[in-house]
Amino acid sequence: MMSEGYYNSKKTDDICEDVCGQGARGALSMSRIRCMLNGIDLRTLVLLFVTIPLAALGIYLHGQKFTYFLRPIWDKPPKPFIEVSHYYNENVTMETLCKLHGWGTRDYPRRVFDAVLFNNEVDMLAIRWKELYPYVTQFVILESNSTFTGIPKPFFFGIHRDKFKFVEPRLTYGTIGGRFKKRENPFVEEAYQRVALDHLIRVAGIEEYDLLIMSDVDEIPSRHTINLLRWCDEIPPVLHLRLRNYLYSFEFKMDDNSWRASIHRYQTGKTRYAHFRQADYILSDSGWHCSFCFRNIQEFIFKMKAYSHNDRVRFSHYLDPKRIQDIICKGTNLFDMLPEEYTFREIIGKMGPIPRSYSAVHLPSYLIEKAGEYKYLLPGNCKREASH
């Protein structure tokens, strides 16, 4: 536009002319914002300032749940085990039991070695060793001054060793220094300790075709299962043990799907201590797995921060003692996770609290003998001690 010999190249915005034009220079900043938003409809504003932030917050808080719920879409179940039926009655002879399993009977029993990595599960170790004591030749235990996540820890077994005097003549105890690698995958430290346990097992004197139990402290084979396998001939070289799966105590039975425990006919130079699937055969109803079965709340907190899946502690409030106590009594998940299953039916079927069991039948014998000492592990006793 030409005016008195001068050319004005400044453009005006017809939509915002009244607000952003020359007459609006003294207006408040809110007017400028209204100017910029002029022409944007309400739906767009809701999308930008409500829906998208809420969606982002939902993904941040519950993204892991979405992932696990959709697992049947992005993951496939492993190859099914070949189930071996388990026969037992205390009034049936060993010869008959071996025959029922399709095995022969030995003239004398095999030697049995029980080997574990130890963190802080003092009570579960006592229950385990009392259960296995009649049939184990050598108890092998390795302890580190580091958790799998690189947290320094005392040698708990060394501190409580007097509690285990009953196994002292058959005990091989070793310690190993942690590597304390920052930001390293915890499974690397775990593998490092399992290799060290391999060496300790050899130090304990294991020989060709002795039986070696590979399982975590809280994965307890039943006494009669080990007796069966040491007397029967022609058992598989590697046999997984299906255990009844409990959480927090023997009040909350999740299922019968604990399978990582295994027993091996030892072969020099071939057998390696591991905690993953190593064979196709699994013996049904062979014992108990009691996960996160601790006496006091501080032990729960230590385990949550120390074990290989510590990445599941996504928020600091997960470690709140009151929250942990409430969850123990409800039978829900410490990490606010959905069930780790491979079908939608199984996921939906296991959502929510675990149903309570009121049965204390067919549990480790020492647990029942010392019910007063270990009552927190029995039905109706979910309250935990606050600290050591």
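One can find the structure itself at the top, above this paragraph.
Because the structure is predicted, anything quoted here is derived from the model rather than measured.

Caption draft 1: Inspection of the side chain of glutamate 143 at higher detail. Here glutamate 143 shows up in strand S6 (residues 138-144). Side-chain polar atoms of glutamate 143 contact the backbone nitrogen of phenylalanine 157, separated by 3.0 Å. The contacts of glutamate 143, once residues within four sequence positions are left out, are Phe118, Asn119, Lys153, Pro154, Phe155, Phe156, Phe157, Gly158, Tyr173, Gly174, Thr175 and Ile176.

Caption draft 2: Structural context of the sheet that holds strand S8 (residues 211-214). Ordered by their spatial adjacency, eight strands build an open sheet running S3-S15-S11-S14-S8-S5-S6-S7, and the pairing between neighbours is mixed. Both edges of this open sheet fall to strand S3 (82-84) and strand S7 (171-176), since each of them pairs with a single strand only. The average angle at which neighbouring strand axes cross in this sheet is 25°, direction not considered. Here S8 runs beside strand S14 (residues 262-265); their pairing, made up of four bridges, is antiparallel. Note that in S14 the partner of leucine 212 across the bridge is histidine 264. Sheet strands touched by helix H8 (residues 186-203): strand S5 (112-118), S6, S7 and S8. Its angle to S6, the strand with the most contacts, is close to 145°.

Caption draft 3: Broad picture of the layout of surface pockets. In this structure, the second largest pocket occupies an estimated 470 Å³ of space. Around the second largest pocket, the lining comprises 20 residues; the ones closest to its centre are Tyr88, Ser222, His224, Trp288 and His362. Those elements that provide at least two residues to the lining of the second largest pocket are helix H9 (223-231), strand S16 (287-291) and helix H13 (365-369). Residue composition of the lining of the second largest pocket, grouped by class: eight nonpolar, seven polar and five charged.

Caption draft 4: Local environment of the packing of helix H10 (residues 297-306) against helix H11 (residues 321-330). Running from N to C, H10 and H11 point in directions that differ by 100°, and their axes come no closer than 10 Å. Regarding the angle of H10 to H11, the classification is roughly perpendicular. Seen from H10, the contacting residues are Ile297, Phe300, Ile301 and Met304; seen from H11, they are Pro321, Ile324, Gln325 and Ile328.

Conventions we followed
Residues numbered from 1 in each chain as written. Predicted model: local features only at pLDDT ≥ 70, side-chain atom pairs only at ≥ 80, totals over all residues. Heavy atoms only, no water. Helix = DSSP H or I, 4+ residues; strand = E, 2+ residues; numbered from the N terminus. Polar contact = N/O pair within 3.5 Å; in protein donor to acceptor, adjacent residues only side chain to side chain. Contact = heavy atoms within 4.5 Å. Pairing = 2+ DSSP bridges. Axes fitted to C-alpha atoms, helices over the stretch in contact; angles between N-to-C directions. 1 Å grid on protein atoms, 1.4 Å probe; cavity = no way out; pocket = protein on both sides within 12 Å on 5 of 7 lines; lining within 4 Å. Points joined across faces, edges and corners; volume = space filled by probe spheres on them. Nonpolar A, V, L, I, M, F, W, Y, C, P; charged D, E, K, R; others polar. Parallel < 35°, antiparallel > 145°, perpendicular 65-115°, else oblique.

Everything listed here is a matter of geometry and, on its own, says nothing about what the molecule does.
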